[in-house]
Amino acid sequence: MRLEKCWFCSSTIYPGHGIQFVRNDAKIFRFCRSKCHKNFKMKRNPRKVKWTKAYRRLHGKDMTQDSTFEFERKRNRPQRYDRINTEKVLQAIPKISKVKATREKDHITKRLSVGRVNRRTEDRRELEQSISLVKAPSVLKEDATLTLPKQKVTVSYAQTENTPMEE
Amino acid sequence: MVQFNFKGITVVPSGKEMVDIILSRTQRQTPTVVHKGYAINRLRQFYMRKVRFTQQNFHDKLSAIVDEFPRLEGIHPFYSDLLHVLYNKDHYKLALGQVNTARNLISKVAKDYVRLLKYGDSLYRCKCLKVAALGRMCTVIKRIGPSLAYLEQVRQHMARLPSIDPNMRTILICGYPNVGKSSFMNKITRADVDVQPYAFTTKSLFVGHTDYKYLRYQVIDTPGILDRPFEDRNIIEMCSITALAHLRSAVLFFLDVSGSCGYTVAQQAALFHSIKSLFLNKPLMVVCNKIDLQQLNALSEDDKRLVDEMKAEALKTLQIGGDPNAEQQVLVTMSTLTEEGVINVKNTACERILDQRVEIKMKSKKINDCLNRFHVAMPKPRDGKERPVCIPQQVLEQRAKDQEVEKEKEKRKLEKDLENENGGAGVYSASLKKHYLLANDEWKEDIIPEIIDGHNVADFMDPDILERLEELEREEGLRLAGEEGDDFEIDGDNMTPEEREALNEIRKRKKALIQEHRIKKSTAESRPIVPRKFDKDRQFTTERMGRQLSGLGLDPSKAIERVRSRSVSRGRKRERSVAADGAGDDGMEIDNDGKGSNKRLRLRSVSRSRSRSRAPVEEVIPGEGFKDKEQKVKAIKLGKKSVKKRNKDARKGEADRVILNMMPKHLFSGKRGIGKTSRR
């Protein structure tokens, strides 16, 4: 039993899922679900379809080169069973996957951090420029911080003020 | 092979059928459409084609008949005589001759009419010529109709003739009717000939096959022959006579010694003598049948004498190299009922045939050529020494070893035996891992995991995976340590929560401004552009100003006071001067005045609680643009009138064209009382 990769989106195909297509030149295409299969039949290039791993790798969204990829490699030669080795491998696999996962996450975070910095500077600039919309310049002169002014409660429309004039 | 198998002749159609077939074929396979407007050559060709086509087809069919029926001169005399006996040679030849003539006649007709068609000058004339040609051809065929019918009968009968190979080893059985010929035939071959107590049960020749010394023999059963002059014989008897005459075979003359066939031995002997001329050069055997009823020794003197005479005749046909038991070979007894002597008869007959054939072959010229090529070489012994078989010692040892291995194999326990011991195929499942070659035999029964966490375990297999993993983890640790420094730098410039609040507020304000502007923009055409001081909706109040100012952090009380005081004082001043002057100064002031005085008037006239209520509708407010009260009242009336109809239709405005129910049931269902319902 082997877990294969979908040719279109590169996700793993578990047993009992998906379709395999064998072309006349004996090349095998495996698909994880009909979405990928239909896209393939439409002759779409996975490198241009945003949600596939191929696109993400090509456009630098996901990690491409790393030493953790070399641990997982398909070997075509059968190997004699060795209990000791197998136990070692079984212990190692979760650790390797953890390292790989953290690295991928960091790659994405690094990529997105540039945007964070930009947004911060933007915010600051906007605040500095448009503070006059919420704070009168005279108040700003007194209190130079870029915060909302302390609200001065208005004197409510008092009856007593006008009545003497009327009368 | 035409020689003895006539099953391959094609069916001969009757006259009418043939005409039908060929005419319909002409109709189908030649072009059918022609118009009188075509070029004359084309018309001529069209009809000539039809005539020629028909002639060709007749020619083919008739030739087939003539060729396939056998020519009586060209086949074995046995068959030609048989056919003559059955169908009359003359009649047969005549029929075939007629067919041949018909063929020639048709060709002539076709030729003539084609020649005529070359000069046909109109469609009609060509067509008539063609019709005439085809008509004449068909008449020819109709005239030979009886011959065709006769030939068809002949063909059917010929197909059912027994396939006798005249050159094969043959045994012929003949004699009086009811003597037991067919019973004998049934006994030695697989032929199922009818055996009945009445005479002439067998009406034609029957063929069976039997084996002797790895060779196949034909056995031919004939109908019974009666003793009468040659001319009086009927067709059935003639069949057997023909067979006797032409087939080079052994002849078994059956004799019924008991007389239960209805004829005495004397009669049978008389028959024998009358046809003994036919037995020349053929090994003859006299077979005495039905000895279970009457023994040969128990015969009367006369009968015995007659039998001896027959035997003597038969002896003549025997080979000259006289055998001691020659008598045995010539006169045999048997009984088909008790089956004694049947096999003996068959064997003797076959032997005699064989001997005769071998002798003939030896006598022929061809054998010498063959004999010259045979030579059996026998080595002459050199001396008297004995030379036995010699086997080397190693071979003997190897053989002994092989035998041992064989024995071991028998003793070794197979998987199959193991399975059978433990309950059979359904119960026991063989352990396929038994013979695994592993470093440690304890590992044989391990269950190996193949998949873990969405990865294939086999892809990770590596003897030094743990070292590499350690390296990896070390690297990872270093990397993480490095990254922590970077994080701190980025977090430096962060906003305080108050600043955040301010920013949100700014954004809200901006959005509100934009929305307002958009609304204003979209309604710009329908809104009157009025300067702010004619504030119809009364939105520019001091409260609003106060709110806004305090929102910006300023103290609004002073500003409000100032506004109020100014308005009040302005109004006062103006009132006095208006009362004095009467006429206004500049428009601006009057306007101001008007507004202010109005306000004041309002304030004065109405009590506090109602100070906020609006003016009556007819009152002209300067910002609206009316000349005077009447105009405003008229305008209001017009406005209401235009809206009334729409309101009655429950429409929201001019542009409201909504139909709530597109297909009200009362309009779209039901029959009409009068008229059609083709439109709804």
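Conventions adopted
- Residues numbered from 1 in each chain as written.
- Chains lettered and ligands numbered in written order.
- Predicted model: local features only at pLDDT ≥ 70, side-chain atom pairs only at ≥ 80, totals over all residues.
- Heavy atoms only, no water.
- UniProt positions renumbered as here; feature names shortened; annotations may be inferred.
- Helix = DSSP H or I, 4+ residues; strand = E, 2+ residues; numbered from the N terminus.
- Buried < 20%, exposed > 50% of the residue type's maximum accessible area, 1.4 Å probe, protein only.
- Contact = heavy atoms within 4.5 Å.
- Pairing = 2+ DSSP bridges.
- Patch = residues over 30% accessible without salt bridge, like charges linked within 9 Å, V, L, I, M, F, W, Y side chains within 5 Å.
- Areas by Shrake-Rupley, 256 points an atom, 1.4 Å probe, with all protein chains shown as cover.
- Salt bridge = Lys/Arg side-chain N within 4 Å of Asp/Glu carboxyl O.
- Lys, Arg positive; Asp, Glu negative; His and termini not counted.
- Charge placed at Lys NZ, Arg CZ, Asp CG, Glu CD.
- Axes fitted to C-alpha atoms, helices over the stretch in contact; angles between N-to-C directions.
- Buried area = accessible area lost by both parts, 1.4 Å probe.
- Polar contact = N/O pair within 3.5 Å; in protein donor to acceptor, adjacent residues only side chain to side chain.
- Core = buried A, V, L, I, M, F, W, Y, C linked by side-chain atoms within 4.5 Å.
- Phe/Tyr/Trp six-rings, centres within 6.5 Å; stacked < 30°, edge-to-face > 60°.
- Lys NZ or Arg CZ within 6 Å of the ring centre and 35° of its normal.
- Parallel < 35°, antiparallel > 145°, perpendicular 65-115°, else oblique.
- Left-handed = near helix turned anticlockwise from the far one by under 90°.
- Nonpolar A, V, L, I, M, F, W, Y, C, P; charged D, E, K, R; others polar.

Named according to an unreviewed UniProt entry, chain B is Nucleolar GTP-binding protein 1 originating from Rhynchospora pubera. A UniProt comment under Function (unreviewed entry) is attached to chain B, and it reads "Involved in the biogenesis of the 60S ribosomal subunit." Regarding chain B, the UniProt comment filed under Subcellular location (unreviewed entry) reads as follows: "Nucleus, Nucleolus".

Under an unreviewed UniProt entry, the name given to chain A is 60S ribosomal protein L24, and the source organism is Rhynchospora pubera. In UniProt, chain A has this text filed under Sequence similarities (unreviewed entry): "Belongs to the eukaryotic ribosomal protein eL24 family." Under the Subcellular location (unreviewed entry) heading, UniProt states for chain A: "Nucleus".

(A) Broad picture of the overall build of chain B. What chain B contains, in helices and strands, is 22 helices and eight strands. In chain B, which comprises 680 residues, the share counted as buried stands at 32%. Looking at chain B alone, contacts between residues at least 24 apart form 67% of all its contacts between residues at least 6 apart.

(B) Quick look at the UniProt feature "coiled-coil region" (unreviewed entry) in chain B. UniProt records the feature "coiled-coil region" (unreviewed entry) at residues 393-420 of chain B, using the numbering of this structure. Taken end to end, residues 393-420 of chain B comprises 89% helix and 0% strand; its first and last C-alpha atoms sit 43 Å apart.

(C) The UniProt feature "domain: TRASH" (unreviewed entry) in chain A, seen in detail. The UniProt record annotates "domain: TRASH" (unreviewed entry) at residues 6-44 of chain A. End C-alpha atoms of residues 6-44 of chain A are separated by 14 Å, and the span's content is 21% helix alongside 26% strand.

(D) Spatial organisation of the pairing of strand 2 (residues 206-212) of chain B. All names here are of chain B. Sheet topology note: the strand 2/strand 3 (residues 215-221) ladder contains seven bridges and is antiparallel. Pairing of Thr210 across the sheet is with Tyr217, part of strand 3. Connecting strand 2 to the antiparallel partner strand 3 that follows it, the hairpin turn spans two residues, and Lys213 within it adopts a positive phi of roughly 50°.

(E) Focus on a positive patch on the surface. Residue and element names in this part refer to chain B. Positive charge collects at one region of the surface, where Arg672, Lys676, Arg679 and Arg680 lie side by side. With respect to the secondary-structure elements, Arg672 resides in the segment after helix 22 (665-668). When its relative accessible area of 38% is taken as the criterion, Arg672 is described as partly exposed.

(F) Geometry of a nonpolar patch on the surface. A surface patch of nonpolar side chains, amounting to about 540 Å² of accessible area, comprises Ile659, Met662, Met663, Leu667 and Phe668 of chain B. Within the secondary structure layout, Phe668 of chain B lies in helix 22.

(G) Broad picture of the sheet that holds strand 1 (residues 170-175) of chain B. All names here are of chain B. The strand order across the open sheet built from six strands is 2-3-1-4-5-6, with neighbouring strands paired in mixed fashion. The sheet is open, and its two edges are formed by strand 2 and strand 6 (331-333), each paired on a single side. Across the sheet, the mean angle separating the axes of adjacent strands is 25° when strand polarity is ignored. Two strands pair when backbone bridges link them, and strand 4 (residues 250-256) and strand 5 (residues 284-289) are joined in this way by six bridges, in the parallel orientation. Counterpart to Phe253 in the pairing with strand 5 is Val286.

(H) Quick look at the interface of chain A and chain B. Contacts between the two partners involve 64 residues from chain A and, on the opposite side, 66 residues from chain B. Of the roughly 6,500 Å² buried at the junction of chain A and chain B (both faces included), carbon and sulfur atoms supply 59%. Inspection of the chain A/chain B interface yields ten salt bridges. Arg479 of chain B serves as the salt-bridge partner of Asp106 of chain A, at 2.8 Å between the closest nitrogen and oxygen. Counting the contacts that link chain A with chain B gives 22 residue pairs in polar contact (both at pLDDT 80 or more). When residues of the side of chain A that touches chain B are traced back to their parent elements, those giving at least two are helix 3 (83-130), helix 4 (137-142) and helix 5 (159-166) of chain A. In terms of residues, the side of chain A that touches chain B owes the most to one element, helix 3 of chain A, which gives 25 residues.

(I) Structural context of the nonpolar core. In terms of nonpolar packing, the biggest core is built from 111 residues, with Ile65, Phe69, Met158 and Phe253 of chain B touching the most fellow members. When residues of this core are assigned to their parent elements, the largest contribution, eleven residues, is made by helix 4 (residues 89-117) of chain B. When sequence neighbours within four positions are dropped, the list of residues in contact with Phe253 of chain B reads Cys174, Gly175, Gln268, Leu271, Phe272, Ile275, Phe279, Leu284, Met285, Val286, Val287 and Met310 of chain B. With twelve residues, the next largest nonpolar core counts Val89 and Ile93 of chain A together with Phe460 and Leu472 of chain B among its residues.

(J) Representation of the side chain of Asp62 of chain A in the model. Residue and element names in this part refer to chain A. Among the structural elements, Asp62 can be located in the loop between helix 2 (53-58) and helix 3. In terms of polar contacts, Asp62 uses its side chain to reach the side chain of Lys53, at 2.5 Å. If sequence neighbours within four positions are ignored, Asp62 has contacts with Lys53, Arg56, Arg57, His107 and Ile108.

(K) The arrangement of the side chain of His37 of chain A in detail. Residue and element names in this part refer to chain A. Its location among the elements puts His37 in helix 1 (residues 34-41). The exposure class of His37 is buried, given its relative accessible area of 15%. If we skip the residues at most four places from it in the chain, His37 touches Ile19 and Phe31.

(L) Region of interest: a negative patch on the surface. All names here are of chain B. On the surface, Asp464, Glu467, Glu470, Glu471 and Glu473 cluster together to form a negatively charged patch. Assignment of secondary structure puts Glu473 in helix 16 (residues 465-490). Residue classification places Glu473 among the partly exposed residues on the basis of a relative accessible area of 37%.

(M) Expanded view of the packing of aromatic side chains. All names here are of chain B. Scanning all chains against the criterion turns up 16 aromatic pairs over all chains. Taking the centre distance of 6.3 Å and the plane angle of 65° together, the rings of Tyr212 and Tyr217 count as edge-to-face. Here Tyr212 and Tyr217 have matching classes, each one buried. When the ring centre of Tyr38 is taken as origin, the NZ or CZ atom of Arg42, which lies over that ring, is 3.8 Å away.

(N) Focus on the environment of Asn347 of chain B. Residue and element names in this part refer to chain B. Note that Asn347 resides in helix 12 (residues 342-363). The class of Asn347 is partly exposed, set by a relative accessible area of 25%. Between the alpha carbons of Asn347 and Gln329 there is a distance of 9.9 Å; along the sequence they are 18 residues apart.

(O) Molecular detail of unusual backbone geometry. All names here are of chain B. At Lys213, a position not held by glycine, the phi torsion is positive, near 50°. Relative to the helices and strands, Lys213 is located in the loop between strand 2 and strand 3. A positive phi angle is found at Asp453, which is not glycine, with a value near 55°. Mapped onto the elements of the fold, Asp453 is located in the loop between strand 7 (451-452) and strand 8 (455-456). Classification of Asp453 as exposed rests on a relative accessible area of 61%.

(P) Just the packing of helix 3 of chain A against helix 17 (residues 497-522) of chain B, in detail. One way to put it is that helix 3 of chain A packs onto helix 17 of chain B with a least axis distance of 10 Å and a crossing angle of 70°. Taken as axis vectors, helix 3 of chain A and helix 17 of chain B run roughly perpendicular relative to one another. When the axes of helix 3 of chain A and helix 17 of chain B are compared, the crossing they make is left-handed. Packed against helix 3 of chain A, whose contacting residues are Asp123, Arg124, Glu126, Leu127 and Ser130 of chain A, the element helix 17 of chain B presents Glu499, Arg500, Ala502, Leu503, Ile506, Arg507 and Lys510 of chain B at the interface. In terms of residue class, the contact of helix 3 of chain A with helix 17 of chain B is made up of four nonpolar, one polar and seven charged.

(Q) Quick peek at the packing of helix 9 (residues 265-274) of chain B against helix 10 (residues 301-316) of chain B. Residue and element names in this part refer to chain B. Between helix 9 and helix 10, whose axes approach to 10 Å, the crossing angle comes to 20°. The angle between helix 9 and helix 10 falls in the class roughly parallel. The interaxial crossing formed by helix 9 with helix 10 has left-handed handedness. The segment helix 9 lies against helix 10, with Val265, Ala266, Ala269, Phe272 and His273 engaging Asp303, Leu306, Val307, Glu309, Met310 and Glu313. Its residues placed into classes, the contact of helix 9 with helix 10 shows seven nonpolar, one polar and three charged.

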